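# Observations on the three-dimensional arrangement
Residues per chain are reported as follows:
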Amino acid sequence: MLRTPLQARLCFTYRCNLRCPFCYERFARTSGSGKELPLSSWLSLLEELRSLGVFSVALIGGEPLCHPYMKPLLEDLTDGPMRFGLYTNGTLLDDTWVELLQATHRCSHVTISLDGFEDYHDGIRGSGMFRRTLAGIERLVSVGIPVKIAGVVSHDNYRTIPEFARFLETLPICEYKFSLRGDAAYGEDELCGELNLEEKVEVTVHGLRF
Ligand code: SF4
């Protein structure tokens, strides 16, 4: 029997360069409840996870690449026994970040948010973000870092998901997955709102017809 978890998920920041309408981190950012731990606490935690034999950590935000701790955390992980995955919106993945990730020799994959075609994605995440994200994917792939895509299925994009999935299959990524938008916290008439009951039945019973 395993005595320690294989993986730990470290949500070390609520900061983000984007303002997506369905972002659950918005509550923490705006309510002040999202206080962040100091860097020393994260480094101690990584040391403890290593001593426990944890194989890998997931670096999650918010947007991890927004945070000044990201570089020291990468330095700490470099050439160590643990591998890590990064969860990012992909818009900040310039050459410098990609080189830093590659230089760790411990990045198992990067999971990037992509919710649909350009108009839809940019409507949620901001003008030009779709192309910036695709450019980030290309940079990662060019240095051999595996890329996974994660998207959110909403009232406004669920019918386009099959076609979008076919588009994703033309990209040099290793995996894609979609999750249903899970709350109606910002009102049902807002862009990318939660699926209504009939739509959920259509998606879950009949599938997305890939
Ligand atoms: S990219 Fe992620 S963390 Fe940033 S606003 Fe959007 S959902 Fe929230």
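Residues numbered from 1 in each chain as written. Predicted model: local features only at pLDDT ≥ 70, side-chain atom pairs only at ≥ 80, totals over all residues.

The subject of this paragraph is the site of the ligand. Taken together, Cys16, Leu18, Arg19, Cys20, Cys23, Glu25, Gly61, Gly62, Glu63, Asn89 and Ser113 make up all the residues around the ligand. Counted by class, the shell around the ligand contains 4 nonpolar, 4 polar and 3 charged residues. (Near = placed C-beta within 6 Å. Nonpolar A, V, L, I, M, F, W, Y, C, P; charged D, E, K, R; others polar.)

On average, the protein scores 88 in pLDDT, and the residues at 70 or more come to 88%. Within the model, pLDDT remains below 50 along residues 184–189, and this stretch shows 5 contacts once partners closer than five positions in the same chain are excluded. (pLDDT = per-residue confidence, 0-100. Contact = placed C-beta atoms within 7 Å.)

Another aspect to go through is the sheet that holds strand S6 (residues 175–180). Strand order in the open sheet made by the 6 strands is S1-S2-S3-S4-S5-S6, with parallel pairing throughout. Taken across any chain shown, the strands that pair with only one partner, and hence form the sheet edges, are strand S1 (7–11) and S6. Direction aside, the axes of adjacent strands within the sheet are offset by 20° on average. Looking at chain direction, S1 and strand S2 (residues 56–60) are connected through 5 bridges and run parallel. Bridge assignment links arginine 9 to a residue of S2, and that residue is alanine 58. The sheet contacts of helix H6 (residues 129–142) involve strand S4 (107–113) and strand S5 (147–153), and relative to S4 the element is tilted by about 165°. (Pairing = 2+ DSSP bridges. Helix = DSSP H or I, 4+ residues; strand = E, 2+ residues; numbered from the N terminus. Axes fitted to C-alpha atoms, helices over the stretch in contact; angles between N-to-C directions.)

Let us now look at the nonpolar core. Ranked by internal contacts, the top residues of the largest apolar core, which has 26 residues, are Leu59, Phe84, Leu86, Val110, Ile112, Leu140 and Val147. Of all the secondary-structure elements, those providing two or more residues to this core are helix H2 (39–52), S2, helix H3 (70–77), strand S3 (83–88), helix H4 (95–104), S4, H6 and S5. If you tally residues by element for this core, the top one is H3, at 4 residues. Excluding residues that lie within four positions of it along the chain, leucine 86 makes contacts with Leu59, Pro64, Leu101, Cys107 and Val110. (Core = buried A, V, L, I, M, F, W, Y, C linked by C-beta atoms within 7 Å. Buried ≥ 20, exposed ≤ 12 C-beta atoms within 10 Å, placed from the backbone.)

What follows covers the pairing of S2. Only one face of S2 is covered, namely the face carrying Val57 and Leu59; the face carrying Ser56, Ala58 and Ile60 is uncovered. Taken together, S2, H3 and S3 constitute a β-α-β crossover, and its handedness is right-handed. (Right-handed = clockwise from strand over helix to strand, strands pointing away.)

With 14 residues, H2 should cover 20 Å at 1.5 Å per step; its first-to-last C-alpha distance of 20 Å lies within 8% of that length. Of the residues one or two after H2, glycine 53 is the one with positive phi, at around 90°. (Expected span 1.5 Å × (residues − 1).)

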